[in-house]
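Single-letter residue listing:
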Amino acid sequence: MFEKKKDELLHDHNHDGVDRRGFLKCMAWAGTGALCVMKGGVLNSYSLSRISETSTADMMGELSFVQISDSHMGFNKPANPDVAGTLKAAVDKINALSGAPEFMLHTGDISHLSKPEEFDTVDQILKSATPKDVFYVPGEHDVLNDDGKQFLERYGKGSKGAGWYSFDKKGVHFIGLINVMNLKAGGLGTLGHDQLEWLEDDVRHLTHSTPIVVFAHIPLWSVYPEWGWGTEDSNQALAYLKKFGSVTVLNGHIHQTMQKVEGNVTFHTAASTAFPQPQPGKADSPGPMKVPAEQLRSVLGITDVNYIRGQHALAVVDSSLA
Amino acid sequence: MRRSVSIASLAAALVLGTAGFGTGRKGSVASAQEKTSTMEVKIDNFSFGPVTLTVPVGATVTWTNRDDIPHTVVSTDDSKTFKSKVLDTDEKFSFTFSKAGTYPYFCSIHPKMTGKVIVQ
């Protein structure tokens, strides 16, 4: 009976060639963390628990940065009554990394209710991190009540439209996209026409060998549309990135690590620093998952990314806060 | 004389009857109002319950967020007939429907969450 039930889940929901068994394989990283090295579009991953078997060269590169996500400052429910404490633990983890990362990306849901004091607390905690620069994109929790005005004032200087922007670091082109605005009833995340046009123009002048890192809050691939874990018009965005040999997409929103390779694109979602969410379809809703207090930090985490010049490779390392 | 008395009593009966009927009507209006004042939609597990709620014209509907995550209640029409602020856990939003019609709505934070109020 159980076996039969399990089989029923193994169909391809999204018609993208990834069945539930594939998802669960990806999910095995959650909590333990993983080192991922992408070479020529192929992603190799190593469990952090076996990291001693991985050569340091694979983890070091000319550029390294950290992704943090879903801090949800202000959340105080049983799933984690101390989100400030776990964010501080994330910063400690970042400060302990060998080879200081150059900067941090925060992929949204900085705050829980878009309150000024929530943003202030996160800013204060992140000041103690070794990397001084933080690049943000908003999550839906950061643009409540004011269509993102406060977010733009705080973090969006020099950005376009609702806050999208790009920058270059050591030959890698970074693109921050916004997919949490103007959401339509029944729909998923949305980039929108204006942003897509900007994106097409932004990458037009780049050579095909330029490594691209796209970061946005809601996954730009169909993780689980039933829970809104996807973006309506992400295919259009990815079409503009087809010419590049190496594209890495970093997202948050789903509070768990998950990876997928599709052609030249490696998709990666980061753990939350605040609370875990269930695996796709494994609960009645995507609400906060309550785990025993002593296990909480093992399901929260940070992501460390290294770029190794000449190999067109990005090594993505997930670390839990445990 | 007898006849006029009987007419008077008939009239009285009619008045009483009307009064009685009126009271009955008032009673039913009152109970309908009581009903409408408790018309509720609960938000649990990222869904509105009931998904479709049918109410009489003039009814006030109250939404209560019972999730650990904030939600909103926003009508999907262009003019946004009703739009709550963000509802944190246990916060409520009420709207009085003065016109008959079908009012689809959703959570603007989690747009997969949709519901409908039918006002008759």
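All values derive from a computational prediction rather than experimental measurement.

Caption draft 1: Fine view of the overall build of chain B. Helix and strand counts for chain B stand at one helix and eight strands. Going residue by residue from the N terminus, the α and β elements of chain B occur as α-β-β-β-β-β-β-β-β. Burial statistics for chain B: of 120 residues in total, 35% are counted as buried. Long-range pairs, those at least 24 residues apart, make up 49% of the contacts in chain B with a sequence separation of at least 6. A total of about 6900 Å² of accessible surface is found on chain B, and carbon and sulfur atoms cover 59% of it.

Caption draft 2: Looking closely at the sheet that holds strand 8 (residues 212-215) of chain A. Residues and elements named next belong to chain A. One open sheet accounts for six strands, arranged 6-7-8-9-11-10; its pairing is mixed. Edge strands, defined here as strands with exactly one partner in the open sheet, are strand 6 (165-169) and strand 10 (258-262). In this sheet, neighbouring strand axes are inclined to one another by 15° on average, regardless of whether the strands run parallel or antiparallel. The sheet contacts of helix 7 (residues 193-204) involve strand 6 and strand 7 (172-176), and relative to strand 7 the element is tilted by about 170°.

Caption draft 3: Seen up close, the interface of chain B and chain A. On the chain A side, the residues contacting the 17 residues of chain B number 26 residues. The three residues of chain B that bury the most area against chain A are D68, P111 and K112 of chain B, which together make up 34% of that side's buried surface. Put simply, chain B and chain A have one salt bridge between them. Counting the contacts that link chain B with chain A gives five residue pairs in polar contact (both at pLDDT 80 or more). Along the lines of polarity and charge, the residues of the side of chain B that touches chain A split into seven nonpolar, six polar and four charged.

Caption draft 4: Summary view of helix 4 (residues 83-95) of chain A. In a regular helix each residue adds 1.5 Å, so 13 residues correspond to 18 Å; helix 4 of chain A covers 18 Å between its end C-alpha atoms and thus fits that length. Every buried residue of helix 4 of chain A is accounted for by V83, A84, G85, T86, L87, A89, A90, V91 and I94 of chain A.

About the cut-offs
Residues numbered from 1 in each chain as written. Chains lettered and ligands numbered in written order. Predicted model: local features only at pLDDT ≥ 70, side-chain atom pairs only at ≥ 80, totals over all residues. Heavy atoms only, no water. Helix = DSSP H or I, 4+ residues; strand = E, 2+ residues; numbered from the N terminus. Buried < 20%, exposed > 50% of the residue type's maximum accessible area, 1.4 Å probe, protein only. Contact = heavy atoms within 4.5 Å. Areas by Shrake-Rupley, 256 points an atom, 1.4 Å probe, with all protein chains shown as cover. Pairing = 2+ DSSP bridges. Axes fitted to C-alpha atoms, helices over the stretch in contact; angles between N-to-C directions. Buried area = accessible area lost by both parts, 1.4 Å probe. Salt bridge = Lys/Arg side-chain N within 4 Å of Asp/Glu carboxyl O. Polar contact = N/O pair within 3.5 Å; in protein donor to acceptor, adjacent residues only side chain to side chain. Nonpolar A, V, L, I, M, F, W, Y, C, P; charged D, E, K, R; others polar. Expected span 1.5 Å × (residues − 1).

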